[in-house]
Amino acid sequence: MDLDRTEVAPAEGAEGAGGAGGVGAAKGSRGARGSAAVRLGLLAVPVAFFAVFFAYPVAAIVARGLDADGSWRFGRVWDVLAQSDIRHVLWFTLWQALASTALTLLVALPAAYVFARFEFPGKQVLRAVVTVPFVLPTVVVGTAFLALVGRGGLLDELWGVRLDTTVWAILLAHVFFNYAVVVRTVGGLWAQLDPRQEEAARMLGASRLRAWRTVTLPALGPAVAAAALMVFLFTFTSFGVVQILGGPTFSTLEVEIYRQTSELFDLPTAAVLTIVQFAAVGAILAVHAWTVRRRESALRLVDAAGTVRRPRGAGQWALLAGVLATIAVLLVLPLAVLVQRSFGGSDFAYYRALTSDEGNVFLVPPIDAIGNSLEYAVVATVIAVFVGGLAAAALTRRDAGRLVRGFDALLMLPLGVSAVTVGFGFLIALDEPPLDLRTSWILVPLAQALVGVPFVVRTMLPVLRAVDQRLREAAAVLGASPWRVWREVDLPLVRRALLVAAGFAFAVSLGEFGATVFIARPDNPTLPVAVARLLGRAGELNYGQAMALSTILMVVCAVALLVLERLRTDRTGEF
């Protein structure tokens, strides 16, 4: 035996032990190098995809605006920022995002508590209803509020009140759109906090308010901050809502970039505004990443099923009733009015008009936009799942290097960088072989996939990280290749998460508007582009067709969301 040989000849045994240790170290070193090689291989496609279809178009349009006769003119930055109208746009973008975020927190935090702590009939259905606005295209949200508070809308008919040219319409639409972000991000954590900690503080003499302020609020702080930052990001880069409800009076950075690019053809100003927005979004995402790391700190979490109960006392029932009333008025009413307005014509006149190409702004009947959108969204979903799945697999290990973690943060940039800039950048940059894609139908799915990839990564990454690494190692020891390990170990465990990721990618691709408005051809319009073009034309028939198309788009997105709710692998309420 080796042990006997070691006792008789210590030197030889030591040499053998050293040799075994050397072999083990060599194997470990080869394993580490192999793991790094696999990770880099997985990252190759996502890096190339983002480099070619995101970084290159954005850099091209910025360069076109700041590069003159072969020399960079950075002085244009100060020239543009010195303009009073541009400073007004910057100020409005900032303060409306802050106001929208504060208003969303004020309205949605009570609902987060209700969904986290109360059990009541129809709770799961209501959670899905709350989430529907988040997956709706911005043009649908804008159209719904136009039907409610715009000219000839419900409030105008009943009381002569119009809000479509005021900032209140924009703020309310932003709350409508981002309500679910707070409810599900904060409520998901709140449901898992042990209520006995707050009860212990009250037994020690603390009032209900003090116990909540000193025990629960610090634990919820990172989740509230993360939700607030995401709401701020979405409202800071708002385009479709402000474009439809703001009119010529109000303009955010995103809307101003669109105006400078498509209407004034002032690329230097658009380039400067793109740089400003890029810097702001980068700062927001950096702070958001910090809050997420804080949220991952140790907390005493329990099963969410054990923290819910039926409301007790008049106060809790009143709170539940107030939240239900808020959901009915703020979330359900605008969509109900949208549907009602779409049936405003006699004998489904607005829906029947969708099949005609007479007097339309497109070369095809508006109804064709439905088929176009579905085809584009399916292709975009395939691309997003493929690219995002590879990225999530590469980012699975928590010991990834700083460069890999940095790429994880960069994956979120398409959600905040001007989609208008990306779309116009496609036309400018992808115009020469081998990437002359300006007349190709694939441009639209590529732009939509850029927005879908972050949702795929954020959905799949937590599930992949939850897979026991020892299962992968055991399969590798038995001789399985990395591809077979993924197919036999990871895929069965993450199949549901993969379907959820595909559903989110499909929904956001279906509603993408900022980039698509530039690159969708008149003979192949998407639903959001068709709605925006119809709203931009005078006439009751055009308005009614916009309502009808928005209703169809809303139904498709709502069905996709309900399917996602059935597929969700957890019930904590988090995204």
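In the block above lies the structure referred to throughout.
Everything numeric in this text was worked out from a predicted model, so none of it was measured. (Residues numbered from 1 in each chain as written. Predicted model: local features only at pLDDT ≥ 70, side-chain atom pairs only at ≥ 80, totals over all residues. Heavy atoms only, no water.)

Draft legend 1. The arrangement of the packing of helix H6 (residues 138–149) against helix H23 (residues 527–535) in detail. Close contact between H6 and H23 brings their axes to 9 Å; oriented N to C, the two are set at 35°. Handedness of the crossing formed by H6 with H23: left-handed. Residues Val 139, Thr 143 and Leu 146 of H6 lie in contact with H23, whose contacting residues are Pro 528, Val 531 and Leu 535. Looking at side-chain class alone, the contact of H6 with H23 contains 5 nonpolar, 1 polar and no charged residues. (Axes fitted to C-alpha atoms, helices over the stretch in contact; angles between N-to-C directions. Helix = DSSP H or I, 4+ residues; strand = E, 2+ residues; numbered from the N terminus. Left-handed = near helix turned anticlockwise from the far one by under 90°. Contact = heavy atoms within 4.5 Å. Nonpolar A, V, L, I, M, F, W, Y, C, P; charged D, E, K, R; others polar.)

Draft legend 2. Highlighting the packing of aromatic side chains. All told, the structure shown has 20 aromatic pairs when counted by the stated rule. Taken together, a centroid distance of 6.4 Å and an interplanar angle of 55° make the contact between Phe 53 and Phe 426 tilted. Of the two residues, Phe 53 is situated in helix H2 (residues 10–66) and Phe 426 in helix H18 (residues 419–429); the sequence distance between them amounts to 373 residues. Exposure class is identical for Phe 53 and Phe 426. Each is buried. Through a chain of ring-to-ring contacts, the aromatic side chains of Phe 49, Phe 50, Phe 53, Phe 54 and Phe 426 assemble into a single cluster. (Phe/Tyr/Trp six-rings, centres within 6.5 Å; stacked < 30°, edge-to-face > 60°. Buried < 20%, exposed > 50% of the residue type's maximum accessible area, 1.4 Å probe, protein only.)

Draft legend 3. Geometry of a nonpolar patch on the surface. Taken together, the side chains of Trp 91, Leu 94 and Leu 98 present a nonpolar region at the surface, about 310 Å² in accessible area. Its place among the elements puts Leu 94 in helix H4 (residues 84–117). Given the relative accessible area of 33%, Leu 94 is considered partly exposed. (Patch = residues over 30% accessible without salt bridge, like charges linked within 9 Å, V, L, I, M, F, W, Y side chains within 5 Å. Areas by Shrake-Rupley, 256 points an atom, 1.4 Å probe, with all protein chains shown as cover. Salt bridge = Lys/Arg side-chain N within 4 Å of Asp/Glu carboxyl O.)

Draft legend 4. View of the pattern of salt bridges. The tally for this structure, following the rule as stated, stands at 5 salt bridges. A salt bridge links Arg 341 to Glu 157, with the shortest nitrogen-to-oxygen separation between them at 3.4 Å. Within this pair, whereas Arg 341 is found in helix H14 (residues 313–342), its partner Glu 157 is found in helix H7 (residues 154–159), the two being separated by 184 residues in sequence. You can call Arg 341 buried: its relative accessible area is 12%. Under the relative-accessibility criterion, Glu 157 is labelled exposed at 54%.

Draft legend 5. Quick look at the side chain of Arg 341. In terms of polar contacts, Arg 341 uses its side chain to reach the side chain of Gln 340, at 2.6 Å. Here Arg 341 is in contact with Ala 147, Gly 152, Gly 153, Leu 154, Glu 157, Tyr 350 and Met 547, once residues within four sequence places are set aside. (Polar contact = N/O pair within 3.5 Å; in protein donor to acceptor, adjacent residues only side chain to side chain.)

Draft legend 6. Structural view of the packing of helix H12 (residues 253–263) against H18. Relative to each other, H12 and H18 sit at 30°, their axes nearing to 8 Å. In terms of their interaxial angle, H12 and H18 are classed as roughly parallel. When H12 is examined against H18, the residues Glu 254, Ile 257, Tyr 258 and Thr 261 are found in contact with a partner set consisting of Ala 419, Val 420, Thr 421 and Phe 424. Residues belonging to the contact of H12 with H18 are distributed by class as follows: 5 nonpolar, 2 polar and 1 charged. (Parallel < 35°, antiparallel > 145°, perpendicular 65-115°, else oblique.)

Draft legend 7. Summary view of the nonpolar core. Ranked by size, the top nonpolar core spans 177 residues in total, and within it Phe 49, Leu 136, Tyr 179, Leu 245 and Phe 426 carry the most contacts. For this core, the leading source of residues is helix H8 (residues 167–190), giving 16 residues. In this structure Leu 245 touches Gly 142, Phe 145, Leu 146, Asp 164, Thr 165, Ala 169, Ile 170 and Ala 173, once residues within four positions along its chain are discounted. (Core = buried A, V, L, I, M, F, W, Y, C linked by side-chain atoms within 4.5 Å.)

All quantities given are derived from atomic positions and should not be read as evidence of function.
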